[in-house]
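Close look at the chain arrangement
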There are 2 protein chains.
Amino acid sequence: MKTFSEKLFMNELRKKYRPATIIEVARRAGVSPATVSRVLNGTAAVVPETEQRVREAIAELNFTPHPAARQLINQRTNAIGLLLPEISGEFFPPMLRGIEAEVRNSGYDLLIHSTQENLNSGRRPLREHNTDGLIVFPESVDDAELHRLFKIGFPVLLLHQSSPEGISFPIVTVENKSGAEMLINHLIEAHGRRRIVYLQGPESHQDSRWRERGYRDALESHGIPFDPELVEYGGFDEAEACDAIRQMLIDGVDFDAVFAGDDDAATGVIAALKQAGRDIPGDVAVVGFDDVPFSRFISPSLTTIRAPIEQVGREAVKQLVSLIEKGHAEPEILLPTEIIIRQSCGCP
Amino acid sequence: MKTFSEKLFMNELRKKYRPATIIEVARRAGVSPATVSRVLNGTAAVVPETEQRVREAIAELNFTPHPAARQLINQRTNAIGLLLPEISGEFFPPMLRGIEAEVRNSGYDLLIHSTQENLNSGRRPLREHNTDGLIVFPESVDDAELHRLFKIGFPVLLLHQSSPEGISFPIVTVENKSGAEMLINHLIEAHGRRRIVYLQGPESHQDSRWRERGYRDALESHGIPFDPELVEYGGFDEAEACDAIRQMLIDGVDFDAVFAGDDDAATGVIAALKQAGRDIPGDVAVVGFDDVPFSRFISPSLTTIRAPIEQVGREAVKQLVSLIEKGHAEPEILLPTEIIIRQSCGCP
DNA sequence: TACTATTATGAAAACCTTTTCAGAAAAGCT
DNA sequence: AGCTTTTCTGAAAAGGTTTTCATAATAGTA
């Protein structure tokens, strides 16, 4: 709650820069507000001479329609909300870039809310009141809220995540399974690795599960039995992955390669292995997923899967906009992945 | 413009999820909308028993006040706008993280607009109509618009940038001069370098100019004459910096160290030098600025200045909020920097 | 108890657009 | 020319909230 003097101040300030309204434009052009609205939105014919006067008045007063008034009458906010668990790191920025560009391109505004710090605050400020649709990342909205949104038919698009039980929102993600398969095949075929650790990401990421399937299938097709001891939870996060590998080393688990959950995790894996004096890729090969920008700078440079992150963001927005404006979207879009071979796998 | 059938669809859909209004809450609680508003905002006393009934009604109807209606009457959007030239890279994400966290913390929403792709689009969708204040990065708003905003007294905070001629907005940035001085002193004193290239960033960044002053002062205090041949425009960008260094090598400029504009630029410098077969730091020492996350992963690991990027973002929001709510802010805040010595300068 | 001072509540206006409805003017027809 | 159709425009309502003003009810005072 504001103090009295603050409120006073804000009111006083406000008067200073009160923008022109449609009524003032109308008065100046000698027409009614309705007519101004019509030339503004091209929603009905007005005689050219009148239109000209109105346009002049608009220009002279530097008039811009007040978004709140429009929202109120049109019941549209013209904004898209993005809910994500974290903003920095290596993965989210390019994603954000794609989303922002496409949102702008579609004529919407972008509202961003990261849930990391304030998940417990209870306030969920992005919803049907202030957006026309939501793009949601795993771990940023709980299932109850998703169910609620589904029930009221609110446009939602899920990113790198499948719908919770009983509801179905459209989703956009990448070809995780074939990507993982390419990686594991390469480790087995080109480098003869057979004890390959899989550091899985959070359960809620559909991505993780698909990568695991690719991992299992690749193993199976080479006649290597699946060993649960080699699958560990490592998150999509440098620190967690580092800890996980450290623990495996302490436990004396025998492995000659690590498929990290993603590139961020791979960085943690490499740190843990170096610290333990293991040679990469001599003793242990390491591969990641995503091909974030710095993957080629770390040493050894990281063999990984290039996921078109930015494009995933763009596609997500396209689908959401279609859902908002046309009422339908592709139920599932998988963008293709590509293997990027560098040195951490053992290639020269 | 939407087609008729699209509009039809949207109208139809809208009815499905029409949220409860304050009037319905009032009716259910057997009071007037005014009273509901009062319990909602604590703006006047209501007898406890009535308040109780209202709260129940609110909960039962899952009521949330409609932001647009509030904006309209209050003349506040409760949103802060962020205008920046680019979203990805290594510098912006942590900044964005700090800004987002603090914006949320202050009870505002965050609207983001990156100007990179659509500077020419003419539309500048973030302004006094849809935000209560703006945080602006260099190169994302032209001077005319800044002048306009200043004239109408709209709250604006400048980041890493000084106000254009004739107007003065509060600004937040880091201790650039002393940071640069530390770096150059170190190169001279610890590693005996004397032909130090300075790759400056964009002119509009106040940062660049202060770093140059630090560079010059450090040189002067060691009796090394300033050589304009050693100062080149390199941007805050990997590719530009890479090109600049390549060109200097072609031109046969003699140098034994490079102070890149920032860490992103330093990456480009290192790439160019490696490509030309120069040893880093043997032949040429390289130092950056910012200490972005990957600086410790590149090889050789980068000696740089740690700028509290995230904290700059937080501070910027704090100042802007103060400007919005109290009408005043610190005219200039400089956050302290710290030298981070790694290997690219020649240290072991 | 009668009167004033205080407190709690409601009615209505205001914020700024868009849109419907109806009316006026113009055009088209016989 | 008289009538119908079309085209253009304005008045008014609606959208959901907050706030001012007035009134009714309560508490306080003598």
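So, here is what we can say about the structure in this document. This one's a predicted model, so the numbers in the text were calculated from it and none came from an experiment.

1. Notes on the protein's contact with DNA strand D
Surrounding DNA strand D, one finds 28 residues, the nearest of these being Thr35, Arg38 and Thr50 of chain A together with Ile22 and Arg70 of chain B. In this structure, a phosphate oxygen belonging to DNA strand D sits 2.9 Å away from a main-chain N or O atom of Ser32 of chain A. Between DNA strand D and Thr50 of chain A, the relevant distance is 2.8 Å, taken from a phosphate oxygen to a side-chain nitrogen or oxygen of the residue. Looking at the surface near DNA strand D, the elements with two or more residues in it are α3 (33-41) and α5 (67-74) of chain A together with α3 (33-41) and α5 (67-74) of chain B.

2. Points about the pairing of strand β6 (residues 196-200) of chain A
All names here are of chain A. The buried fraction of β6 is high, at 5 of 5 residues. What you see with β6 is no split at all: Ile196, Tyr198 and Gln200 on one side and Val197 and Leu199 on the other are buried throughout. Two elements, β6 and strand β8 (residues 257-259), share 3 bridges in a ladder whose sense is parallel. Residue Tyr198 lies in a different strand from β8, and its bridge partner there is Phe259. Two strands pair when backbone bridges link them, and β6 and strand β7 (residues 231-233) are joined in this way by 3 bridges, in the parallel orientation. Bridge assignment links Leu199 to a residue of β7, and that residue is Glu232. Following the chain from β6 across helix α9 (residues 206-221) to the adjacent parallel β7, one finds a crossover that is right-handed.

3. Some words on the sheet that holds β7 of chain A
All names here are of chain A. What the 4 strands build is an open sheet, ordered β7-β6-β8-β9; its pairing is parallel. Here the strands that pair on one side only, and so sit at the sheet edges, are β7 and β9 (285-287). Ignoring strand direction, the axes of neighbouring strands in this sheet form an average angle of 20°. Across the face of the sheet, α9 comes into contact with β6, β7 and β8 while running at roughly 165° to β6. The strands touched by helix α11 (residues 263-275) are β6, β8 and β9; relative to β9, the strand with the most contacts, the crossing angle is about 160°.

4. Examining the interface of chain B and chain A
Every contact between the two is made by 70 residues of chain B and, on the other side, 70 residues of chain A. For the pair chain B and chain A, the two sides together bury roughly 6,000 Å², of which 57% comes from carbon and sulfur. The interface formed by chain B and chain A includes 4 salt bridges. Measuring nitrogen to oxygen at the nearest pair gives 2.7 Å for the salt bridge that ties Glu86 of chain A to Arg97 of chain B. Linking chain B with chain A are 16 residue pairs in polar contact (both at pLDDT 80 or more), by the criterion used here.

5. Brief notes about the protein's contact with DNA strand C
Contacts to DNA strand C come from 28 residues, most closely from Ile22 and Arg70 of chain A together with Ser32, Thr35 and Thr50 of chain B. One of the side-chain N or O atoms of Arg70 of chain A is found 2.7 Å from a phosphate oxygen in DNA strand C. Here a phosphate oxygen of DNA strand C sits 2.7 Å away from a polar atom, N or O, in the side chain of Thr35 of chain B. Elements supplying a minimum of two residues to the surface near DNA strand C: α3 and α5 of chain A together with α3 and α5 of chain B. Of the residues contributing to the surface near DNA strand C, the split by class is 13 nonpolar, 11 polar and 4 charged.

6. Description of the packing of α3 of chain B against helix α4 (residues 48-61) of chain B
Residue and element names in this part refer to chain B. At a closest axis distance of 10 Å, the pairing of α3 and α4 adopts a crossing angle of 90°. By the angle class used here, α3 and α4 are roughly perpendicular. Between α3 and α4, the residues in contact are Thr35, Val36, Val39 and Leu40 and Thr50, Glu51, Val54, Arg55 and Ile58, respectively. Broken down by class, the residue content of the contact of α3 with α4 amounts to 5 nonpolar, 2 polar and 2 charged.

Rules used in this analysis
- Along every chain, residues carry numbers that run from 1 in the direction the sequence is written.
- Here the convention is simple: chains get letters from A, ligands get numbers from 1, in the order in which they are written.
- A pLDDT threshold of at least 70 governs which residues receive local features in this predicted model, and a stricter bar of 80 or more applies before side-chain atom pairs are shown or counted, although totals over entire chains, interfaces and linings include all residues.
- Calculated side-chain values reflect all of the structure's heavy atoms, with hydrogen atoms and water omitted.
- If even one non-hydrogen atom of a residue comes within 4 Å of a molecule or strand, that residue is called near it.
- Pairs of N or O atoms are called polar contacts if they sit within 3.5 Å, as long as, within protein, a hydrogen donor faces a hydrogen acceptor (for residues adjacent in sequence, only side-chain-to-side-chain pairs).
- Runs of E in the DSSP output that reach at least two residues are strands. Runs of H or I that reach at least four are helices, and both are numbered from the N terminus.
- We call a residue buried when its accessible area falls under 20% of the maximum for its residue type, exposed when it is over 50%, and partly exposed in between, using a 1.4 Å probe and counting protein chains only.
- If DSSP finds at least two bridges between two strands, the strands pair.
- Clockwise travel from the first strand over the helix to the second, with the strands pointing away from the viewer, marks a crossover as right-handed.
- Angular values range over 0 to 180 degrees, each being the angle between N-to-C directions of two axes fitted as lines to C-alpha atoms, with helices fitted over their stretch in contact.
- Residue contacts are counted whenever heavy atoms from the two residues lie within 4.5 Å of one another.
- When two parts are brought into contact, each loses some accessible area as probed by a 1.4 Å sphere; the total of that loss over both is the buried area.
- A pair is scored as a salt bridge if a Lys or Arg side-chain nitrogen falls within 4 Å of a carboxyl oxygen belonging to Asp or Glu.
- Each residue gets one label: Ala, Val, Leu, Ile, Met, Phe, Trp, Tyr, Cys and Pro are nonpolar, Asp, Glu, Lys and Arg are charged, and the others, such as Gly, are polar.
- In these notes the angle categories are as follows: under 35 degrees is roughly parallel, over 145 is roughly antiparallel, 65 to 115 is roughly perpendicular, and the rest is oblique.

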